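Structural overview for review
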Amino acid sequence: MTDIERAVAVLRRGGLVAFPTETVYGLGADASNQQAVERIFSVKGRPAHHPLIVHLASADEMPVWSPAAPPLAHRLAEAFWPGPLTILVPAGPPVADAVTGGRPTVGLRVPAHPVALGLLRAFAGGVAAPSANRFGRVSPTCAAHVRDDLGEDVDMVLDGGECAVGVESTIIDCTCDPPQLLRAGGVTVEAITLVTGSTVAPAAGLSRAPGMLDSHYAPRCRVVLAADAQRAETIVEAERARGRRAEVLDPGPDLDAYAHSLYSWLREADARGLAVLVVVPPPDTGLGVAINERLRKAAAPRPEDAGP
Ligand code: TXA
Ligand code: MG
């Protein structure tokens, strides 16, 4: 039996399989199996009203999961799938209620990773999968991250090496006109506009995507953003003077490399026991927009900061 065959057997009996995608690792279950999907929420510790993305083997399956998908959704699928783009469309009957958290929409994505595609083709169904981390933590970009976070709670981990992109997919809501950007990610807004000729509006209201909570993607150490290397050094010195372990993270101008390693760096900061990581953000263009969105969330005030 190959690993893919074993993974398919796990999914068929309602189990959970962590698998690599080009963005981050996903924690997958059969998207038509209500109980299997509910287990994802309990393992992650994720609130039930945070909907999941359904992963498909090919754009040809979109009409099955969303018979009412608008033409724009099909155009985006044709241009960017397989790839790091999640397309929000009206949910069709095969989508288990637990997947959408009772919403009338579903996020669909065809990932560009040979292991993910092999799994999806062999399973011949939709796989609901959030990132394979505990709720509120940094997404996993290699199999070891998944094992560190989820341990024995996942039935099988398919190891496909390091994720190439390193940040999650872009989420576009195609149920409104113009379409809205719910999350910046691996496909840039510039690329979407170029292909569709359509403008992309910002998400209307913070509640649009429940995952848009302010503090999310957070390592345990405190993350402080500094405008440039010099200011980062000043902050680090001040933190050290107060007796805190602090370091600078200044990855430089290569946005692909920055995104690829960002989550690993945040995890390493925790592994080394840093109290404070002072980060120099990338320019806010292209993939930098997605990186900055993650950094702002990592640096956002946390409930425990509120004090007594
Ligand atoms: O790159 C990715 O998208 C990865 C890989 C595994 O595919 N998945 C991922 O899933 O990041 P997750 O669950 O960590 O993030 C999905 C986000 C959540 O913020 C969720 O609230 C939002 O997508 N979302 C999913 N379906 C939605 C819907 N129907 N309406 C609004 N937001 C939705
Ligand atoms: Mg996530």
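Residues numbered from 1 in each chain as written. Chains lettered and ligands numbered in written order. Predicted model: local features only at pLDDT ≥ 70, side-chain atom pairs only at ≥ 80, totals over all residues. Heavy atoms only, no water.

A separate point is the sheet that holds strand S3 (residues 53-55). With mixed pairing, the 10 strands of this open sheet are ordered in space as S7-S1-S2-S6-S3-S5-S4-S8-S9-S10. Two strands lie at the open edges of the sheet, namely strand S7 (156-157) and strand S10 (201-202), each paired on one side alone. Two strands pair when backbone bridges link them, and strand S8 (residues 170-173) and strand S9 (residues 180-183) are joined in this way by three bridges, in the antiparallel orientation. Bridge pairing in S9 places Ile171 opposite Arg183. (Pairing = 2+ DSSP bridges. Helix = DSSP H or I, 4+ residues; strand = E, 2+ residues; numbered from the N terminus.)

This paragraph deals with the site of ligand 1. Close to ligand 1 lie 24 residues, the nearest being Thr23, Arg46, His55, Ser169 and Arg183. Take Ser131: an N or O atom from its side chain is 3.0 Å from an oxygen atom of ligand 1. Contact with the protein chains removes 96% of the 680 Å² of surface that ligand 1 exposes when unbound. Secondary-structure elements contributing two or more residues to the shell around ligand 1 are S3 and strand S5 (105-109). With three residues, the single largest contributor to the shell around ligand 1 is S5. (Near = heavy atom within 4 Å. Polar contact = N/O pair within 3.5 Å; in protein donor to acceptor, adjacent residues only side chain to side chain. Areas by Shrake-Rupley, 256 points an atom, 1.4 Å probe, with all protein chains shown as cover.)

Now for the nonpolar core. One finds Leu76, Leu85, Ile87, Val99 and Leu108 to be the most contacted residues of the largest nonpolar core, which totals 71 residues. When near neighbours in sequence (up to four residues on either side) are disregarded, Leu108 contacts Ile53, Val54, Leu56, Met62, Trp65, Ser66, Trp81, Leu85, Thr86, Ile87 and Val89. (Core = buried A, V, L, I, M, F, W, Y, C linked by side-chain atoms within 4.5 Å. Buried < 20%, exposed > 50% of the residue type's maximum accessible area, 1.4 Å probe, protein only. Contact = heavy atoms within 4.5 Å.)

What follows is about helix H6 (residues 114-123). Buried residues of H6: Ala116, Leu117, Leu119, Leu120 and Phe123, and no others. One side of H6 carries all its buried residues, which in axial view fall inside an arc of 160 degrees. Facing away from the buried side of H6 by more than 90 degrees, the exposed set consists of Pro114 and Arg121. Each element contacted by the buried residues of H6 is listed here: helix H1 (3-12), strand S1 (17-19), strand S2 (26-30), S3 and strand S6 (127-129). Ala124 sits one or two positions beyond H6 and adopts a positive phi of about 55 degrees. (Arc of directions from axis to C-beta.)

Read from one edge to the other, the open sheet built from three strands follows the order S11-S13-S12, with strand pairing classed as parallel. Two strands lie at the open edges of the sheet, namely strand S11 (222-225) and strand S12 (246-249), each paired on one side alone. Recorded for the sheet is a direction-independent mean angle of 25 degrees between the axes of neighbouring strands. Bridge count for S11 against strand S13 (residues 276-279) is four bridges, and the pairing is parallel. Each residue of the ladder has a partner; that of Val224, found in S13, is Val278. The strands touched by helix H9 (residues 229-241) within the sheet are S11, S12 and S13, with S12 carrying the most contacts at an inclination of about 165 degrees. (Axes fitted to C-alpha atoms, helices over the stretch in contact; angles between N-to-C directions.)

Packed helices, taken two at a time, are described by their axes: the angle between them and the distance between them. Remark: helix H4 (residues 71-80) packs on helix H8 (residues 189-196), axes separated minimally by 10 Å, with the N-to-C direction vectors making an angle of 115 degrees. With respect to the hand of their crossing, H4 and H8 are arranged in right-handed fashion. Side by side, H4 and H8 meet where Leu72, Arg75, Leu76, Ala79 and Phe80 of the first sit next to Ala191, Ile192, Val195 and Thr196 of the second. Grouping the amino acids of the contact of H4 with H8 by side-chain chemistry returns seven nonpolar, one polar and one charged. (Left-handed = near helix turned anticlockwise from the far one by under 90°. Nonpolar A, V, L, I, M, F, W, Y, C, P; charged D, E, K, R; others polar.)

This paragraph deals with the side chain of Ser139. Looking at where Ser139 falls in the secondary structure, it is placed in the loop between S6 and helix H7 (143-150). Accessibility expressed as a relative area gives 1% for Ser139, which makes it buried. A polar atom in the side chain of Ser139 sits 3.5 Å from the side chain of Ser131. Within the local environment of Ser139, its side chain forms a polar contact with the side chain of Glu168, the two groups lying 2.5 Å apart.

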